[in-house]
Amino acid sequence: MKKRVLGELPVSEIGIGCMGMSALYGATDEGEALATIHRSLDLGCTFVDTAAMYGRGANETLVGRAIAGRRDEVVLATKFGIRFAPTAEDPSNRVLDASPASVAWSVEESLNRLGTDHIDLYYLHRVDPEVPIEDTVGAMAELVEAGKVRHLGLSEASAETLRRAHAVHPITALQAEYSLWTREADTDVLPTCRSLGVGFVPCSPLGRGFLAGRFTSPEQLDKDDFRRHIPRFQGDALAQNLKLVEKVKELAAEKNCTPGQFALAWVLAQGSDIVPIPGMERRAYLEENLVAAELSLTPQDLARVAAELPDVAGDRYDGQGMTTLNR
């Protein structure tokens, strides 16, 4: 697989998002997840993305097991800043905590679970409105000085926050949802990344599997799959978004590829400083998605997407989730 560069960090041009291997998307299969990560490394997809909150640390532990003995092949990214704070009323309650104390504590926990002495790219998972970003990034910079972290990143941060963070310590990458149906970053965030030399890492580039045609109704998902509660997959919004997927299928058929491959190729075509990290819980998904790197979309293909793709309907999170974005 070819390489791209985030800031000054070379990575495989597609990364592997590991969240769904442990959390949020229903039933999991640890054996298949381990085999998928191993196959990913074999194929040169070596940019591996996880987070402390995925499965309450279980995903980092899984990734650590998968890369044991192959650490030097991997560009390892993880995130901190969301921690569980269960209450009697809500055992799954989570809070944002980007305090300097949380930075120092969280990295040790992640290093232990991942079984490594350093993290290649350490992201703030969500901006904490109670803590100045300068304080958070200042504490993260100390991790770089200590050799525990190589590069710093932000996730779902606003352009202004990115500028403030970058003034404290160079930010290597900003991660945010970006796909054929989530293009808000085009307005301000992506231009700001480019003006600062910051790479851009799209998560959910396949619309959480929807753009790949893997399901057409939330009823097809497991009972505990959080996508059942996403507004885009409900009622009138779902009906509108199915029209969008039909157009993706039409465009993909003309290129002799799957809808997921077309959607991922579109993301890759948006710039060489963009490195998507689709969730790939199974080897079949992995091998299908990596073909997207071999597809070439012409200017005419991209113009048709811009002209013909129906508008998306519905938010990408519930009301509370939406408040944590673009801060």
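Residues numbered from 1 in each chain as written. Predicted model: local features only at pLDDT ≥ 70, side-chain atom pairs only at ≥ 80, totals over all residues. Heavy atoms only, no water.

### Re the overall build of the protein
Scanning the protein from terminus to terminus reveals eleven helices and eleven strands. Relative to a compact globule of 327 residues, whose C-alpha radius of gyration would be 20 Å, the protein shows 19 Å and is just as compact. Dimensions along the principal axes, computed over C-alpha positions, put the protein at roughly 50 × 45 × 40 Å. A total of 327 residues make up the protein; the buried ones form 56% of that total. In the protein, the proportion of contacts linking residues at least 24 apart, taken out of those at least 6 apart, comes to 75%. Just so you have it, the protein exposes about 13500 Å², and 49% of that area is on carbon and sulfur atoms. Distance between charge centroids for the protein: 3 Å, based on 34 positive and 47 negative side chains. (Helix = DSSP H or I, 4+ residues; strand = E, 2+ residues; numbered from the N terminus. Rg over C-alpha atoms; globule rule 2.2 N^0.38 Å. Buried < 20%, exposed > 50% of the residue type's maximum accessible area, 1.4 Å probe, protein only. Contact = heavy atoms within 4.5 Å. Areas by Shrake-Rupley, 256 points an atom, 1.4 Å probe, with all protein chains shown as cover. Lys, Arg positive; Asp, Glu negative; His and termini not counted. Charge placed at Lys NZ, Arg CZ, Asp CG, Glu CD.)

### Re the pattern of salt bridges
With the rule as written, the count across this model stands at 28 salt bridges. The shortest N-O distance in the salt bridge between Arg113 and Glu109 comes to 3.7 Å. Placement of the pair is Arg113 and Glu109 together in helix α3 (residues 100–114), with a separation of four residues, close to one helical turn. Judged by relative accessible area, Arg113 falls into the partly exposed class, the value being 21%. On the basis of relative accessibility, which here comes to 31%, the residue Glu109 falls in the partly exposed class. (Salt bridge = Lys/Arg side-chain N within 4 Å of Asp/Glu carboxyl O.)

### Digging into the side chain of Thr324
Along the polypeptide, Thr324 turns up in the segment after α11 (319–322). For Thr324, the side chain forms a polar contact with the side chain of Arg126, separated by 3.3 Å. Here the side chain of Thr324 touches Gly321 through a polar contact of 2.8 Å, landing on its backbone oxygen. Residues within four places of Thr324 in sequence aside, it is in contact with Arg126 and Glu156. (Polar contact = N/O pair within 3.5 Å; in protein donor to acceptor, adjacent residues only side chain to side chain.)

### A closer look at the environment of Gly15
Examined against the element boundaries, Gly15 turns out to sit in strand β3 (residues 15–17). What makes Gly15 buried here is its relative accessible area of 0%. A sequence separation of 263 residues divides Gly15 from Pro278, and the C-alpha atoms of the two residues are 7.0 Å apart. Other than its neighbours up to four places away in sequence, Gly15 contacts Cys45, Phe47, Val275, Pro276, Ile277, Pro278 and Met280.

### With respect to the packing of helix α2 (residues 58–67) against α3
Relative orientation of the contacting elements α2 and α3 amounts to 45 degrees, with a least axis distance of 7 Å. Considered as vectors, α2 and α3 are oriented oblique to each other. For the pair α2 and α3, the contacting residues are Glu60, Thr61, Val63 and Gly64 in the first and Ser110, Arg113 and Leu114 in the second. In the contact of α2 with α3, the residues fall into two nonpolar, three polar and two charged. (Axes fitted to C-alpha atoms, helices over the stretch in contact; angles between N-to-C directions. Parallel < 35°, antiparallel > 145°, perpendicular 65-115°, else oblique. Nonpolar A, V, L, I, M, F, W, Y, C, P; charged D, E, K, R; others polar.)

### Quick notes on the UniProt feature "domain: NADP-dependent oxidoreductase" (unreviewed entry) in the protein
Annotation from UniProt places "domain: NADP-dependent oxidoreductase" (unreviewed entry) at residues 13–306. The span residues 13–306 is 39% helix and 14% strand, and its two end C-alpha atoms sit 24 Å from each other. (UniProt positions renumbered as here; feature names shortened; annotations may be inferred.)

### A closer look at the packing of aromatic side chains
Evaluated as defined, the whole model comprises nine aromatic pairs. Here Phe80 and Tyr122 contribute two aromatic rings whose centre-to-centre distance is 5.0 Å and whose plane-to-plane angle is 20 degrees, an arrangement assigned as stacked. Highlighted residues: Phe80 in strand β5 (residues 75–80) and Tyr122 in strand β8 (residues 119–124), separated in sequence by 42 residues. Taken individually, Phe80 and Tyr122 each receive the classification buried, so the pair is uniform in this respect. Taken together, a centroid distance of 5.2 Å and an interplanar angle of 85 degrees make the contact between Phe215 and Phe233 edge-to-face. Of the two residues, Phe215 sits in the loop between β11 (199–203) and α7 (235–254) while Phe233 sits in the loop between β11 and α7, which places them 18 residues apart along the sequence. The exposure class assigned to Phe215 is buried, which follows from its relative accessible area of 5%. A network of ring pairs unites the aromatic residues Trp181, Phe210, Phe215 and Phe233 as a single cluster. Across the ring face of Tyr285, the terminal group of Arg214 is positioned such that the distance to the ring centre comes to 3.8 Å. (Phe/Tyr/Trp six-rings, centres within 6.5 Å; stacked < 30°, edge-to-face > 60°. Lys NZ or Arg CZ within 6 Å of the ring centre and 35° of its normal.)

### Side note on the nonpolar core
Leu174, Leu180, Phe200 and Phe262 are the most contacted members of the largest nonpolar core, which has 78 residues in total. When residues of this core are assigned to their parent elements, the largest contribution, seven residues, is made by helix α8 (residues 259–268). Once residues lying within four places of it in the same chain are set aside, the contact partners of Leu174 are Leu154, Ala157, Leu162, Val189, Cys193, Val198, Gly199, Phe200 and Val201. Counting residues in hydrophobic clusters, the runner-up holds 13 residues, among them Val11, Ala77, Tyr123 and Ile277. (Core = buried A, V, L, I, M, F, W, Y, C linked by side-chain atoms within 4.5 Å.)

### Examining helix α6 (residues 189–196)
Among the residues making up α6, those that are buried are Val189, Leu190, Thr192 and Cys193. Projected down its long axis, α6 carries its buried residues within an arc of 160 degrees, all on one side. At its buried positions, α6 is contacted by α5 (159–168), β10 (173–177) and β11. Among the residues trailing α6, Gly197 stands out with phi positive, at a value near 75 degrees. (Arc of directions from axis to C-beta.)

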